[in-house]
Amino acid sequence: MSDEGRQRLRLWLRCGFFALFVLAPVFDLFRLDLTRGHFVLFGLDWTLGIDDFTAGRIDATELSLRVVLRAFVPGLAFVLGGLWLAWKYGRLYCGWLCPHGSVVETVNALMRRAGGTPSLWERRPATPRQADGSVFEPKALWWLPTALVVTGFAGLWAVTLLTYLLPPAEVWGNLWHLEPTRNQALFIGVATGLFTLEFTLARHLFCRFACAAGLFQSHAWVANRRALVITYQRDRAADCAGCEAVCEIACPMRLKPRTIKRRKFACTQCTACISACTTVQQHNPAGSLLAWQSGEAALAESGQRALRRIEVTGSRKVGAATDVRSEAT
C-alpha cells in the first residue's frame with residue numbers, strides 16, 4: 001500500500017471509530033447505565049446476577065459461574081488480546097482508532113496553520129516548510145477556528161461520556177430543550193472546561209505519560225525487540241542534510257523518528273513521518289530513509305547497539321579531529 005493510500009485508510013478508520021465512540025451509547029451498543037445499575041451490551045442487560053442471588057432466584061454456584069463467564073473471562077480476553085496486539089504491532093489503536101488521537105491530530109493541524117507549530121510550547125521554525133518543499137506561512141486568523149474546534153470537541157466529549165453513564169435519550173433530549181438537570185449541567189460544564197484545557201495545553205503529554213491504555217501498549221511493545229517499528233537507515237544520514245526535520249514536524253506525538261526504539265516509546269505507528277520522508281526523498285532513487293519493519297530488521301532499533309555504534313563513531317571522529325589539530329600545532 002502506498003503512503004497516500006495508507007494515510008487515507010487511517011483517516012477513514014479514525015473517522016469511523018470516532019463516530020462509533022459518539023454513537024455507541026445512543027444505540028445501546030455499550031454503556032454503563034447508572035440508573036439500572038449494570039452494563040448494557042448490544043441492547044441487552046449485562047448483569048452478574050447479584051440481584052437474582054439476593055432475591056433467591058439463583059444459588060451461589062450459578063452466581064459464581066456468571067461472574068466468571070460475564071466478567072472475568074471477557075475482561076481477561078480483552079486485556080490479553082490487547083497486550084498481544086501491542087506486543088506485535090505497538091500502539092496501533094492510538095494511531096489508527098483512538099478518538100483522543102483524532103482530536104490531537106486535528107488540533108495539531110489547526111494550531112500549525114495559526115501559529116506555525118503543532119503545540120503552544122514549541123518554538124516556531126525560522127523557515128517553516130512543508131514536506132514537498134513549499135514554504136508554510138501561518139496566519140493568525142486560524143486561531144478562531146482552532147478555538148472553536150477545541151471547545152467543540154471538548155463539549156462533545158463531555159456529553160458523550162455522560163451518555164455512557166445515563167440514558168442517552170434523556171441527556172441529549174435535555175440539551176435539545178436547554179433543560180439539563182443540575183447534575184448534568186455541572187458534569188458537562190466541568191468536563192468541557194477540563195477537556196478544553198487538556199486539548200489546548202497538554203494533549204501530547206496526556207497521550208505520552210497519562211493514558212493508561214497507551215502506556216500498557218508501549219510497555220508491551222518495547223518488551224518485544226522484533227515488534228513492528230519505524231526504522232531509520234543511519235548509513236544514509238547524509239541524505240537528511242537538506243531536510244528541515246519534516247519527519248519530526250509530521251509526528252503527532254512530537255517524537256524524533258530517527259532515534260532508537262526506546263526513545264520512541266509513545267510512537268502510535270501512524271506512519272506520518274514515513275509519508276513526510278517519502279515526499280522529501282521522492283526524487284531520490286533510494287527512497288525514504290524511514291520504513292515500517294518487524295522481525296530481524298527491527299532489532300537495530302530495539303536496543304542500544306545502534307546508539308553505541310553512533311557514539312563510538314562520533315568519538316573516533318572527535319579523536320581524529322583532535323589528532324589533526326595537534327599535528328597542525
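Computed from a predicted model, the values in this text were never measured in an experiment.

## Focus: the overall build of the chain
Reasoning step 1: Helix and strand counts for the chain come out as 13 helices and 5 strands.
Reasoning step 2: Once local pairs closer than 6 in sequence are excluded, the contacts in the chain between residues at least 24 apart make up 69%.
Reasoning step 3: Carbon and sulfur atoms form 66% of the exposed surface of the chain, whose accessible area is close to 18,800 Å².

## Focus on the sheet that holds strand 1 (residues 30-33)
Reasoning step 1: Overall, antiparallel pairing links the 3 strands, which are arranged 1-2-3 in an open sheet. Pairing within the sheet leaves two strands with one partner each, and these edge strands are strand 1 and strand 3 (44-46). Within the sheet, the average angular offset between the axes of one strand and its neighbour, ignoring direction, is 30 degrees.
Reasoning step 2: Where strand 1 and strand 2 (residues 38-41) come together, 4 bridges link them in antiparallel fashion. Bridged to Phe30 within strand 2 is Leu41.

## A look at the packing of helix 6 (residues 143-163) against helix 8 (residues 182-210)
How two helices pack is summed up by the angle between their axes together with the distance between the axes.
Reasoning step 1: Two elements in contact, helix 6 and helix 8, have axes whose closest approach is 8 Å; the angle formed by their N-to-C orientations is 135 degrees. Classified by the angle their axes make, helix 6 and helix 8 are oblique. Here the hand of the crossing between helix 6 and helix 8 comes out right-handed. Contact residues: Val150, Thr151, Phe153, Ala154, Gly155, Trp157, Ala158, Val159, Leu161 and Leu162 in helix 6; Gln184, Phe187, Ile188, Ala191, Thr192, Phe195, Thr196, Phe199 and Thr200 in helix 8.
Reasoning step 2: Partitioning the contact of helix 6 with helix 8 into residue classes produces 13 nonpolar, 6 polar and no charged.

## Considerations on the confidence of the model for the chain
Reasoning step 1: Summing up the model confidence of the chain, the mean pLDDT is 86 and the portion of residues at 70 or higher is 88%.
Reasoning step 2: Element-level pLDDT for the chain is lowest in helix 13 (residues 305-328), with a mean of 43, against a maximum mean of 96 in helix 6.
Reasoning step 3: Counting interchain partners and residues more than four positions distant, the pLDDT-below-50 stretch residues 306-329 has 7 contacts.

## What to know about the side chain of Lys261
Reasoning step 1: By the element assignment, Lys261 lies in the loop between helix 10 (246-250) and helix 11 (272-280).
Reasoning step 2: Separated by 2.6 Å, the side chain of Lys261 and the backbone oxygen of Asn224 make a polar contact.
Reasoning step 3: Not counting residues within four places of it along the chain, the set of residues in contact with Lys261 comprises Trp221, Val222, Asn224, Arg225, Ala227, Val229, Glu301 and Ser302.

## Quick look at the pairing of strand 2
Reasoning step 1: Once strand 1 ends, the chain turns through 4 residues before running back antiparallel as strand 2, passing Gly37 with a positive phi of about 85 degrees.
Reasoning step 2: The pairing of strand 2 with strand 3 spans 3 bridges and is antiparallel. If you follow Phe39 over to strand 3, its bridge partner there is Trp46.
Reasoning step 3: What sits between the antiparallel neighbours strand 2 and strand 3 is a turn of 2 residues, in which Phe42 has the positive phi angle 50 degrees.

Scoring rules and cut-offs
Residues numbered from 1 in each chain as written. Predicted model: local features only at pLDDT ≥ 70, side-chain atom pairs only at ≥ 80, totals over all residues. Heavy atoms only, no water. Helix = DSSP H or I, 4+ residues; strand = E, 2+ residues; numbered from the N terminus. Contact = heavy atoms within 4.5 Å. Areas by Shrake-Rupley, 256 points an atom, 1.4 Å probe, with all protein chains shown as cover. Pairing = 2+ DSSP bridges. Axes fitted to C-alpha atoms, helices over the stretch in contact; angles between N-to-C directions. Parallel < 35°, antiparallel > 145°, perpendicular 65-115°, else oblique. Left-handed = near helix turned anticlockwise from the far one by under 90°. Nonpolar A, V, L, I, M, F, W, Y, C, P; charged D, E, K, R; others polar. pLDDT = per-residue confidence, 0-100. Polar contact = N/O pair within 3.5 Å; in protein donor to acceptor, adjacent residues only side chain to side chain.

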